[in-house]
Amino acid sequence: RSIKVIHISSDAVYPSEKGNYNEKSKLKSYNFYGFTKILSEKVILNLKNYIIVRTRFFDKKNIRFSSSATNSFSSSIEINKLVKNIKILIHKNFNGVINIGEKRISDYNLYKKFRKKIKKCTQEDIQKKLIFKISKDASMDCKLFKKVLNDKI
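Residues numbered from 1 in each chain as written. Predicted model: local features only at pLDDT ≥ 70, side-chain atom pairs only at ≥ 80, totals over all residues. Heavy atoms only, no water.

### Some remarks on the pattern of salt bridges
The condition that has to hold: Each salt bridge in this description consists of a side-chain nitrogen of Lys or Arg and a carboxyl oxygen of Asp or Glu lying within 4 Å of one another. Secondary structure elements follow DSSP: runs of H or I no shorter than four residues count as helices, runs of E no shorter than two count as strands, and numbering proceeds from the N terminus. Think of it in three bands: residues with accessible area under 20% of the maximum for their type are buried, residues over 50% are exposed, and the middle band is partly exposed, with areas taken using a 1.4 Å probe on protein chains only.
Enumeration according to the criterion identifies eight salt bridges in this entry. Residue Glu17 is joined to Lys136 by a salt bridge in which the shortest nitrogen-to-oxygen separation is 3.8 Å. A residue pair is termed long-range when its members are at least 10 positions apart, and Glu17 in the loop between strand E1 (5–8) and helix H1 (32–44) and Lys136 in the loop between helix H4 (123–127) and helix H5 (143–149) qualify at 119 residues. Here Arg104 makes a salt bridge to Asp137, at a shortest N to O gap of 2.9 Å. Here Arg104, found in the loop between strand E7 (96–99) and strand E8 (105–106), pairs with Asp137, found in the loop between H4 and H5; they are 33 residues apart in sequence, far enough to count as distant. In this structure Arg104 comes out as partly exposed when scored by relative accessible area, which is 49%. Accessibility expressed as a relative area gives 6% for Asp137, which makes it buried. By sharing partners, the salt bridges in this structure join Glu17, Lys133 and Lys136 into a single network.

Okay, here's the thing in structure tokens:
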């Protein structure tokens, strides 16, 4: 029995312009972090027994920022839920590339659920303070994951 490699990739491998990216969408990173994830995925694809999980996750107990963008979207998933979902994939013996996340939501609306006093801002407000590019709409189509959960693959 061979060892299964679980590689945690990122939604940053997608262009982050229009959202709703699926596993077959063209990869084009919008920053260096995404570029390194694309390169690491290429290495993993040479293996026989692997799962590449494209995701964005957060810890609901540790939201560190005081404001969040109303016009930046993702399919972020809470870290504990992500771990449980990866465990399910392992038990179902999934092999391949898969998006794991929740429904498309703005960063502000997501984090507001867990940090009530978070303030609104825009993606542009955040971007002008950074030296690297951040996403606009990195939301993912997670239909494949739902099919795997229901054994319809």
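There is more to say, and it comes next.
### Notes on H1
Keep this limit in mind: To estimate the expected span of a helix, count its residues, drop one, and scale the result by 1.5 Å. Note: the arc covers the axis-to-C-beta directions of the helix. Whether two residues touch is decided by their heavy atoms; if any such pair falls within 4.5 Å, the residues are in contact. Whenever a nitrogen or oxygen atom comes within 3.5 Å of another N or O atom, the pair is scored as a polar contact, on the condition that within protein one atom can donate a hydrogen and the other can accept it, and that pairs from neighbouring residues in sequence are kept only if both atoms are in side chains.
Across its 13 residues, H1 extends 19 Å between first and last C-alpha, which sits within 8% of the 18 Å expected from 1.5 Å per residue. Taken together, the buried positions of H1 are Gly34, Lys37, Ile38, Glu41 and Ile44. The buried residues of H1 occupy an angular sector of 120 degrees when the element is viewed end-on, so they sit on one face. Exposed residues on H1 whose side chains face more than 90 degrees from its buried face are Phe32, Lys42 and Val43. Each element contacted by the buried residues of H1 is listed here: E1 and strand E2 (50–54). Among the residues of H1, the N-terminal cap falls to Asn31, whose side-chain oxygen and the backbone nitrogen of Tyr33 are separated by 3.3 Å.

The values reported here are purely geometric and, on their own, carry no functional implication.
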